[in-house]
Amino acid sequence: MEEVCLNSEPIFDECDEYEVDGDGAFVDNGNESGEAQSKKNPPLPTVGLEFDSFDEAYDFYNVYAKELGFGIRVSNSWFRSKRKERYRAKLSCSSAGFKKKSEANNPRPETRTGCPAMIIIRLVDTKRWRIVEVELEHNHPVNPQITRFYKSHKKMILAAKKAQPQLHPVTEVHTIKLYRSTTLNGCSGCSNVDQREGISSVDHLKHLELKDGDGHALYNYFCRMKLTNPNFFYLMDLDNDGHLRNVFWADARSRTTYSYFCDTITIDTTCLTNRYEIPLISFVGVNHHGQSVLLGCGFVGFESVECFVWILKAWLQCMLGCSPQVIITDQNKTLVAAVSEVFPKACHCYSTWYIMQRVPEKLGGLKGYETIRSQLNKTIFSSLKIAEFEISWTNMIKHNALGDNKWLQSLYEDRTLWAPVYLKDIFFAGMVPIHANESFKTFFDGYVHKHTSFKEFLDKYDLALHRKYHKVSVADLESRNLSLELKTRCNFELQLSKVYTKDIFSKFQSEVEGMYSCFNTRQVSVNGPIVTYIVKERIEVEGNEKEACVKCSKL
């Protein structure tokens with residue numbers, strides 16, 4: 001296996017050397033670590049800096065602005081009247097000045113703040129542009145995490161697209177070669193048979209089936225991201241003929257997000273399971289609003305343990321070796337083997353949602369399907385004790401004569417990996433349903449369908465991320481201005497209303513409200529480690545408040 005890393009750590013200098021170690025992991029031989037590199041700030045505009053052209057000076061300030069989280073515009077220019085040659089210009093923050101008052105009936109609200117941040121550049125005798133005046137302070141918040149996509153940054157993207165060489169059209173592209181095959185002669189072991197999977201040498205060398213223009217679309221996308229996103233990470237895996245086999249990438253925001261929300265992740269293989277056009281695998285987590293967040297994704301050329309191991313190692317390297325505590329996947333045996341190899345210390349569980357999604361497919365043709373499904377839901381989601389689950393499952397199998405059903409047999413054998421009653425002590429961050437009516441949407445739900453092509457996905461990928469980030473920004477704003485009515489007189493409800501975000505506090509508040517309605521608790525017996533209580537609770541029945549008694553036990 002050969003690895004090509006065009007921009008792995010943030011960022012290597014041109015003189016840094018790379019090598020691939022014995023197990024296929026990418027090694028950085030540079031002097032500084034990737035973490036230290038990622039913390040470097042963009043160079044500050046300083047009086048005296050010179051540039052070869054006006055466009056170069058503009059791009060310098062634009063890149064600086066994007067890193068800090070504001071847009072720019074040319075607020076003033078001076079020209080020599082006869083030759084119409086620009087010799088002086090003022091580049092300002094996009095919030096500089098104020099717009100003229102509109103006489104329209106419903107004028108747009110004022111968005112500018114009279115921000116003083118700017119640089120003034122002047123053409124000097126050496127025909128170079130020099131910064132002659134600088135103001136760095138803004139009179140409004142700037143934040144690259146919540147900023148909108150400014151026009152000046154869009155121009156940067158368009159310029160990067162136009163800068164790509166226009167290649168001659170081709171009738172069909174099945175593979176992408178990044179360099180000459182002679183450089184791959186040293187790759188050994190790629191044609192060996194994998195005894196674990198029983199794959200022949202021909203199958204073992206399968207790669208991504210790229211259609212007309214897909215290879216160019218991937219290449220152009222990575223080049224564009226490299227230009228506009230310094231911490232963008234991507235790796236390409238080539239077979240011994242130089243064919244693209246696997247791809248992984250993650251943008252800077254995904255890498256930063258993981259540093260905060262690295263407890264539990266889901267490895268989403270919906271596109272592989274449902275045989276989509278694109279063999280997409282994505283890493284998804286949950287943020288402080290309970291929203292799903294993308295932590296990286298890639299394309300897998302072939303569903304083998306080796307390919308999954310490669311992409312899991314690429315993701316782990318991207319996240320600087322920080323392993324999650326809990327990993328949730330479907331029941332894909334090759335992926336399960338790869339997870340156990342790359343993340344031996346992580347708690348690996350199966351997604352209950354994935355399993356329930358397959359119930360119609362696996363049991364839909366059986367007589368009495370609706371009854372079976374109802375009993376299965378009750379067994380999975382209503383069992384509070386392991387003994388209840390075992391009895392309920394046995395009764396379901398016996399009453400419906402399902403003893404020979406291979407799928408249900410395999411589920412029962414793996415029950416400790418997916419049944420909620422066995423997983424009470426594991427933190428899932430809300431990514432595993434605990435009630436039958438709960439659903440889980442994949443990150444790209446609504447953006448990807450069975451016949452989405454590589455090129456189409458890259459466009460929808462940017463759109464999906466933009467909309468997801470916008471939702472995060474809105475939720476952040478709502479949480480900062482949070483003013484909720486407290487439902488109890490508990491001090492900790494008031495305390496946590498100042499700590500939790502709006503969505504998380506709403507979930508917490510419903511639990512507090514339920515607990516608060518339990519006004520009397522009395523211990524009735526002790527049997528070894530089991531303590532039994534009677535709890536009185538106020539409940540509302542048909543508009544009237546009544547008292548109810550519940551007997552419960554705890555270890």
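As recorded by an unreviewed UniProt entry, the protein carries the name Protein FAR1-RELATED SEQUENCE and is attributed to Cucurbita moschata. Listed in UniProt under the heading Function (unreviewed entry), the comment for the protein reads: "Putative transcription activator involved in regulating light control of development." We quote the UniProt Subcellular location (unreviewed entry) comment for the protein here in full: "Nucleus".

Colleague: How do you make sense of the packing of helix α5 (residues 214-228) against helix α15 (residues 454-480) when you look at a structure like this?
Modeller: Between two packed helices, what matters for the description is the angle formed by their axes and the separation of those axes. One way to put it is that α5 packs onto α15 with a least axis distance of 8 Å and a crossing angle of 25°. Between α5 and α15, the angle is such that the two are roughly parallel. Note on element contacts: α15 touches α5 through Phe454, Lys455, Leu458, Tyr461 and Asp462, opposite Asp214, Ala217, Leu218, Tyr221 and Arg224.

Colleague: How should I be thinking about the environment of Gly298 in this particular structure?
Modeller: The topology assignment puts Gly298 in strand β13 (residues 292-300). Between the alpha carbons of Gly298 and Ile311 there is a distance of 7.4 Å; along the sequence they are 13 residues apart.

Colleague: Just checking my understanding: could you explain unusual backbone geometry for this structure?
Modeller: Excluding glycine, a negative phi dihedral is what most residues carry, and trans is how most peptide bonds are arranged. Even without a glycine there, the phi angle at Leu320 is positive, about 60°. Residue Leu320 is classed as partly exposed on the basis of its relative accessible area of 48%. A positive phi angle is found at Ala401, which is not glycine, with a value near 55°. In this structure, Ala401 sits in the loop between α13 (386-399) and α14 (406-413).

Colleague: I'm lost on helix α2 (residues 54-68) in this one. Help?
Modeller: Because each turn of an α-helix spans 3.6 residues, side chains separated by three or four positions in sequence point in the same direction. Taking 1.5 Å per residue, 15 residues should reach 21 Å; α2 reaches 21 Å between its end C-alpha atoms and fits that length. Where α2 starts, the residue carrying a side-chain oxygen 3.2 Å from the main-chain nitrogen of Glu56 turns out to be Ser53. Of the residues flanking the end of α2, it is Gly69, one or two places downstream, whose phi is positive at about 105°.

Colleague: What is the right way to read the nonpolar core from this model?
Modeller: Across soluble globular proteins, nonpolar side chains have a tendency to be buried as a group. In this structure, Phe248, Ile267, Leu312, Trp315 and Phe343 are the most contacted members of the largest nonpolar core, which totals 34 residues. Elements that contribute at least two residues to this core include exactly β9 (233-238), β10 (244-250), β11 (264-268), β12 (280-286), β13, α8 (305-318) and α9 (333-342). Examining the composition of this core, we find that 11 residues originate from one element, α8, more than from any other. Those residues within four positions of Phe343 in sequence are excluded, and the remaining contacts are Leu312, Trp315, Leu316, Ser323, Pro324 and Ile327.

Colleague: What exactly am I supposed to notice about the state of the cysteines here?
Modeller: Covalently bonding the sulfur atom of one cysteine to the sulfur atom of another cysteine gives a disulfide. Applying the stated criterion across every chain yields a total of zero disulfides. Take Cys349: it sits in no disulfide, and the sulfur closest to it among the cysteines is that of Cys347, at 3.7 Å.

Colleague: Teacher, can you tell me more about the environment of Val247 here?
Modeller: Mapped onto the elements, Val247 comes out in strand β10. Each C-alpha atom of the pair Val247 and Leu218 lies 9.6 Å from the other, and the pair is 29 residues apart in sequence. When near neighbours in sequence (up to four residues on either side) are disregarded, Val247 contacts Leu208, Phe222, Leu235, Cys297, Gly298, Phe299, Trp310 and Ile311.

Colleague: Just checking my understanding: could you explain the pairing of β13 for this structure?
Modeller: Each regular strand carries side chains that alternate between the two faces of the sheet. Summarising burial for β13: eight of the nine residues are buried, a large majority. In the sheet, β10 pairs with β13 via four bridges, with the strands oriented antiparallel. Bridged to Val247 within β13 is Phe299. Taking the residues that link successive antiparallel strands as the turn, the β12-β13 hairpin has five residues, and the phi of Gly290 there is positive, at about 80°.

Rules used in this analysis
Residues numbered from 1 in each chain as written. Predicted model: local features only at pLDDT ≥ 70, side-chain atom pairs only at ≥ 80, totals over all residues. Heavy atoms only, no water. UniProt positions renumbered as here; feature names shortened; annotations may be inferred. Axes fitted to C-alpha atoms, helices over the stretch in contact; angles between N-to-C directions. Helix = DSSP H or I, 4+ residues; strand = E, 2+ residues; numbered from the N terminus. Parallel < 35°, antiparallel > 145°, perpendicular 65-115°, else oblique. Contact = heavy atoms within 4.5 Å. Buried < 20%, exposed > 50% of the residue type's maximum accessible area, 1.4 Å probe, protein only. Expected span 1.5 Å × (residues − 1). Polar contact = N/O pair within 3.5 Å; in protein donor to acceptor, adjacent residues only side chain to side chain. Core = buried A, V, L, I, M, F, W, Y, C linked by side-chain atoms within 4.5 Å. Disulfide = S-S within 2.5 Å. Pairing = 2+ DSSP bridges.

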